[in-house]
Amino acid sequence: MNRSIDDEKLARAHARLLDEIQADARETEFWTGRNKFSAAVMAAMKKVPRHEFVLSGDKEVAYINRPLPIGHGQTISQPYIVALMTDILNLKKTDKVLEIGTGCGYQSAVLAEVAGQVFSIEVVPDLATAARQKLKGLGYDNIEVRHGDGFQGWPEEAPFDAILVTAAPEGVPPALADQLKPGGRMIIPIGTPYSSQILTLVIKQVDGTVKTFNTLPVAFVPMVQGRGEGRQTN
């Protein structure tokens, strides 16, 4: 069966986006130290259908390399940033990953293509429910989503090989550092809400201390505290 014209347009836009991500990687090497992303990350960016995660009225622009609103004052991240943050974690297929800020579930899906298990926390109940349903409908059985306070992490599933945070606190939340395995990596935007933020790599040392490394100036929504409703799965 031939695909519709709209599907063909989306496929061409998706292919252009992958080229743009690679170009952005080269242009930002000065900050990130990476002039390209791994084959596994780029395969995930190719496989995950971003148009399934945006608002229905934004499907035609789903593969533009920029963030888009998803409601509740939240956004789906710029694809280049999704690829960069995933790549910085150096994930393996056996890794257990904690994501703070599920949003629409797009970053969760990309992580699930590269890692073994993804545990994702979303502070907005409606977004958590919608993402859980979307990810389940797309066949992602290695992602669990819960509504909760990202500052508290997911202690009953800790420790994690890697943690990815998609909203900006003013410092590394202590609970997240505690839940990272020795040798584990966290990627997190740190800075003042709606002001200067730096995408920061956090590496936990064997003695439990952490080292931080600045990478790229970024702009994320602020990380906010909230109440959880207990563990929920997809």
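Look a little higher up for the structure.
The rules we used
Residues numbered from 1 in each chain as written. Predicted model: local features only at pLDDT ≥ 70, side-chain atom pairs only at ≥ 80, totals over all residues. Heavy atoms only, no water. Pairing = 2+ DSSP bridges. Helix = DSSP H or I, 4+ residues; strand = E, 2+ residues; numbered from the N terminus. Axes fitted to C-alpha atoms, helices over the stretch in contact; angles between N-to-C directions. Contact = heavy atoms within 4.5 Å. Parallel < 35°, antiparallel > 145°, perpendicular 65-115°, else oblique. Left-handed = near helix turned anticlockwise from the far one by under 90°. Nonpolar A, V, L, I, M, F, W, Y, C, P; charged D, E, K, R; others polar. Expected span 1.5 Å × (residues − 1). Buried < 20%, exposed > 50% of the residue type's maximum accessible area, 1.4 Å probe, protein only. Arc of directions from axis to C-beta. Phe/Tyr/Trp six-rings, centres within 6.5 Å; stacked < 30°, edge-to-face > 60°. Lys NZ or Arg CZ within 6 Å of the ring centre and 35° of its normal.

### Overview of the sheet that holds strand β5 (residues 143-147)
Strands belonging to one sheet form pairs held by backbone hydrogen bonds; the direction of such a pair is parallel or antiparallel.
Okay, step 1: With respect to topology, 7 strands assemble into an open sheet ordered β5-β4-β3-β6-β7-β8-β9, the strand pairing being mixed. Both outer strands of the open sheet, β5 and β9 (210-218), are each paired with one neighbouring strand and no more. This sheet shows a mean twist of 15 degrees between the axes of neighbouring strands, independent of strand direction.
Okay, step 2: Of the pairings in the sheet, the one linking strand β6 (residues 160-165) to strand β7 (residues 180-191) comprises 4 bridges and is parallel in character. Looking across to β7, one finds that F160 is bridged to L180.
Okay, step 3: Helix α4 (residues 79-88) contacts β6, β7, β8 (197-204) and β9 of the sheet and is inclined by roughly 165 degrees relative to β9.

### Focus on the packing of helix α3 (residues 39-47) against helix α5 (residues 106-114)
Okay, step 1: Taken N-terminus to C-terminus, the directions of α3 and α5 make an angle of 135 degrees; their axes are 9 Å apart at the nearest point. Here α5 runs oblique to α3, going by the angle between their axes. Remark: the crossing between α3 and α5 carries right-handed chirality. Side by side, α3 and α5 meet where A40, V41, A44, M45 and K47 of the first sit next to Y106, V110, E113 and V114 of the second.
Okay, step 2: Considered class by class, the residues forming the contact of α3 with α5 number 7 nonpolar, no polar and 2 charged.

### Notes on helix α6 (residues 125-137)
Okay, step 1: Its 13 residues give α6 an end-to-end C-alpha distance of 18 Å, which sits within 8% of 18 Å, the value for a rise of 1.5 Å per residue.
Okay, step 2: Within the sequence span of α6, burial applies to L127, A128, A131, R132 and L135. Along the axis of α6, the buried residues cluster in a sector spanning 130 degrees; they form a single face. For α6, the exposed residues set more than 90 degrees away from the buried face come down to D126, Q133, K136 and G137.
Okay, step 3: Of the residues flanking the end of α6, it is G139, one or two places downstream, whose phi is positive at about 90 degrees.

### Examining α5
Residue pairs three or four apart in sequence face the same way in an α-helix, which turns once every 3.6 residues.
Okay, step 1: Here α5 lies mainly inside the structure; 8 of its 9 residues are buried.
Okay, step 2: Listed in full, the buried residues belonging to α5 are Y106, Q107, S108, A109, V110, L111, A112 and V114.

### Some words on the side chain of T32
Okay, step 1: Summarising the element assignment, T32 is placed in helix α2 (residues 29-32).
Okay, step 2: Relative accessible area serves as the criterion here: at 13%, T32 is assigned to the buried category.
Okay, step 3: Not counting residues up to four positions away in its chain, the partners in contact with T32 are Y80 and L84.

### A short note on the packing of aromatic side chains
Two aromatic rings, taken as a pair, are described by how far apart their centres are and by the angle between their planes.
Okay, step 1: Per the counting criterion, the structure on display carries 5 aromatic pairs.
Okay, step 2: Joined through ring pairs, the aromatic side chains of F119, W154 and F160 make up one cluster.
Okay, step 3: Seen from the ring of Y106, R50 lies directly overhead, with NZ or CZ sitting 5.6 Å from the centre.
Okay, step 4: It is K96 that lies over the ring of F160; its NZ or CZ is 5.8 Å from the centre.

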